[in-house]
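# A look at the structure
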Amino acid sequence: MALTDAGEVEATLRAVLADVLGLDPARVARFDESTELFGALPEFDSLAVAGLLTELEERLGILIEDHEVDAEMMASFGSLLTFARAKTLR
Amino acid sequence: MSVPAQSYAQYQAANGPEWLLRIGDPEAAPILFVPPLFEEMNRTRALLVATMRGLAADGHCCWLPDLSGTGESLTSLPEAKWDDWRHDVTNASKHVAVAHGQAPLIAAIRGGCLLDDAATGSGHWRFAPVPGASLARDLDRASLGGGAEWAGYHDASAVLRQALAAAVPAGVELLRTVRLSTDAGAADAKLEGPALWRRSEPGNSSEVAAALARDIAEWRQTCAAS
């Protein structure tokens, strides 16, 4: 049930960020590619990482290997979106 | 709405007495909750208690046990075994059945659905059941991004971790399964709301709690009539 549309992947990523980090969806809707996330957003701490990855896997129908996960990949909305699209739209 | 009666009782668990939280009139129809496991238990405690209060206000009596090595337990987590937890769920259900003179409905959430078949109940209700392997993978992953090993449960024994990873929800009679709409798994009903067990800051949702309480109450009626 993997998604095939780049827009759907982006919408799913925003929904997961709002759900897992407990953020206002209106605020997440304003995130752009340069919005800093991991290490910059207080809600996005190490405790939130596992939940975010698992929820992305379930909703995008992908499998994320541990070695693919690092601070750079989660640094900004743009980097996370690039990763999610590359995993989903292959 | 009046504040429902709340008290604590002890039941005989695997390694000695453990606490049961009771919310509701002791004369009312009983429901035993089997809580999520590890970090998810902390993240969903407020949701569970809000659901229990909603059911209590609607004429039910809800019970929530501490399992060996969790909550207020005097057993340390390294000593807790998977079979202890199954034994605890069995004995908690017996305690409630004796207290009420009737078997409770068993309401299990997330990892609690891996243990709930050990309980004797009038029926089973599950919210967002999950294979133990998924929970173990989440805990394994907690150290990614610089977090604590096993989300702070690093002293859980290797055998407990292995038993968790091997556990799957068992088939039970009179079962109703509810999931969130974002969950692709099979369910009898889906509802809108946040996956609170994923949040690093424990949260609550009065909407989800109210929806769960309604669904549990209806299923208890169905089971009682069958």
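Everything numeric here is computed off the predicted structure, so don't read it as measured data. (Residues numbered from 1 in each chain as written. Chains lettered and ligands numbered in written order. Predicted model: local features only at pLDDT ≥ 70, side-chain atom pairs only at ≥ 80, totals over all residues. Heavy atoms only, no water.)

Here we take up the overall build of chain B. When helices and strands are tallied, chain B shows 5 helices and 8 strands. Starting at the N terminus and walking to the C terminus, you meet the elements of chain B as β-β-β-α-β-α-β-β-α-α-β-β-α. A compact globule built from 226 residues would reach a C-alpha radius of gyration of about 17 Å, and chain B, at 16 Å, matches this within 12%. Referenced to the eigenvectors of the C-alpha coordinate spread, the extents of chain B come out at roughly 45 × 40 × 35 Å. Among the 226 residues that make up chain B, the fraction classed as buried is 58%. (Helix = DSSP H or I, 4+ residues; strand = E, 2+ residues; numbered from the N terminus. Rg over C-alpha atoms; globule rule 2.2 N^0.38 Å. Buried < 20%, exposed > 50% of the residue type's maximum accessible area, 1.4 Å probe, protein only.)

Before going further, it helps to spend a moment on the packing of helix α1 (residues 39-57) of chain B against helix α5 (residues 206-225) of chain B. Residue and element names in this part refer to chain B. Contact geometry of α1 with α5 gives a least axis separation of 8 Å together with a crossing angle of 50 degrees. Comparing their axes, α5 and α1 come out oblique. The interaxial crossing formed by α1 with α5 has right-handed handedness. Of the residues in α5, those in contact with L47, A50, T51, G54 and L55 of α1 are V208, A209, L212, A213, I216 and A217. Here the residues of the contact of α1 with α5 are counted per class, giving 9 nonpolar, 2 polar and no charged. (Axes fitted to C-alpha atoms, helices over the stretch in contact; angles between N-to-C directions. Parallel < 35°, antiparallel > 145°, perpendicular 65-115°, else oblique. Left-handed = near helix turned anticlockwise from the far one by under 90°. Contact = heavy atoms within 4.5 Å. Nonpolar A, V, L, I, M, F, W, Y, C, P; charged D, E, K, R; others polar.)

Here we take up the interface of chain B and chain A. If you look at the interface, chain B gives 17 residues, while chain A gives 25 residues. Of the roughly 1,700 Å² buried where chain B meets chain A, counting both sides, 49% is carbon and sulfur surface. Considering only the side of chain B, the residues that lose the most area to chain A are R141, L144 and R198 of chain B, jointly responsible for 37% of the buried surface there. Where chain B packs against chain A, one counts 5 salt bridges. A salt bridge links E55 of chain A to R198 of chain B; the shortest N-O distance between them is 2.3 Å. On inspection of chain B and its partner chain A, the count reaches 11 residue pairs in polar contact (both at pLDDT 80 or more). When residues of the side of chain B that touches chain A are assigned to their parent elements, the largest contribution, 3 residues, is made by helix α3 (residues 132-141) of chain B. By residue class, the composition of the side of chain B that touches chain A is 5 nonpolar, 6 polar and 6 charged. (Buried area = accessible area lost by both parts, 1.4 Å probe. Salt bridge = Lys/Arg side-chain N within 4 Å of Asp/Glu carboxyl O. Polar contact = N/O pair within 3.5 Å; in protein donor to acceptor, adjacent residues only side chain to side chain.)

For the rest of this paragraph, the subject is α5 of chain B. Over its 20 residues, α5 of chain B runs 29 Å from end to end, which matches the ideal 28 Å to within 8%, given 1.5 Å per residue. The set of residues buried in α5 of chain B consists of V208, A209, A211, L212, A213, D215, I216, A217, W219, R220 and C223 of chain B. (Expected span 1.5 Å × (residues − 1).)

Two faces, one strand: in a regular strand the side chains alternate between the faces of the sheet. All names here are of chain B. Across 8 bridges, the pairing between strand β1 (residues 6-13) and strand β2 (residues 16-23) is antiparallel. Along β2, the bridge assignment pairs Q12 with P17. Where β1 hands over to β2, the hairpin turn is made up of 2 residues, counted between the paired strands. (Pairing = 2+ DSSP bridges.)

A few words on the state of the cysteines. In this structure the tally under the stated criterion is 0 disulfides over all chains. No disulfide involves C113 of chain B; its sulfur sits 15 Å from that of C223 of chain B, the nearest cysteine. (Disulfide = S-S within 2.5 Å.)

Here the focus is the pattern of salt bridges. In the structure shown here, the tally under the stated rule is 19 salt bridges over all chains. For K87 of chain A, the salt bridge identified is with E68 of chain A, shortest N-O distance 3.0 Å. Placement of the pair is K87 of chain A in helix α4 (residues 77-88) and E68 of chain A in the loop between α3 (46-60) and α4, with a sequence separation of 19 residues. Here E149 of chain B ties to R161 of chain B by a salt bridge, and the two come within 3.5 Å at their closest N and O atoms. Within this pair, whereas E149 of chain B is found in the loop between α3 and α4 (158-166), its partner R161 of chain B is found in helix α4, the two being separated by 12 residues in sequence. Connected through salt bridges with shared partners, the residues D19, E55, E58 and R59 of chain A together with D138 and R198 of chain B form a single ionic network.

Moving on to the sheet that holds strand β6 (residues 123-127) of chain B. Residue and element names in this part refer to chain B. The strand order β1-β2-β4-β3-β5-β6-β7-β8 describes an open sheet built from 8 strands, whose pairing is mixed. The sheet is open, and its two edges are formed by β1 and β8 (189-191), each paired on a single side. Mean inter-strand twist for the sheet, computed between neighbouring axes without regard to direction, equals 25 degrees. Relative to strand β5 (residues 105-109), strand β3 (residues 29-34) runs parallel, the two sharing 4 bridges. Residue pairing in the sheet places F33 in a bridge with A107 of β5. In the packing of α1 onto the sheet, the strands contacted are β1, β2, β3, β4 (60-65), β5 and β6, and the crossing angle to β4 comes to about 155 degrees. This element, helix α2 (residues 82-100), spans β1, β2, β3, β4 and β5 of the sheet and lies at about 125 degrees to β1.

Residue and element names in this part refer to chain A. The geometry of helix α1 (residues 6-21) relative to α4 is characterised by a closest axis approach of 10 Å and an angle of 125 degrees between their N-to-C directions. The angle between the axes of α1 and α4 places the two elements in the oblique class. When the axes of α1 and α4 are compared, the crossing they make is right-handed. From α1, A6, V9, E10, L13, R14 and L17 reach across to α4, where they touch F77, L80, L81, A84, R85 and T88. Grouping the constituent residues of the contact of α1 with α4 by class yields 8 nonpolar, 1 polar and 3 charged.

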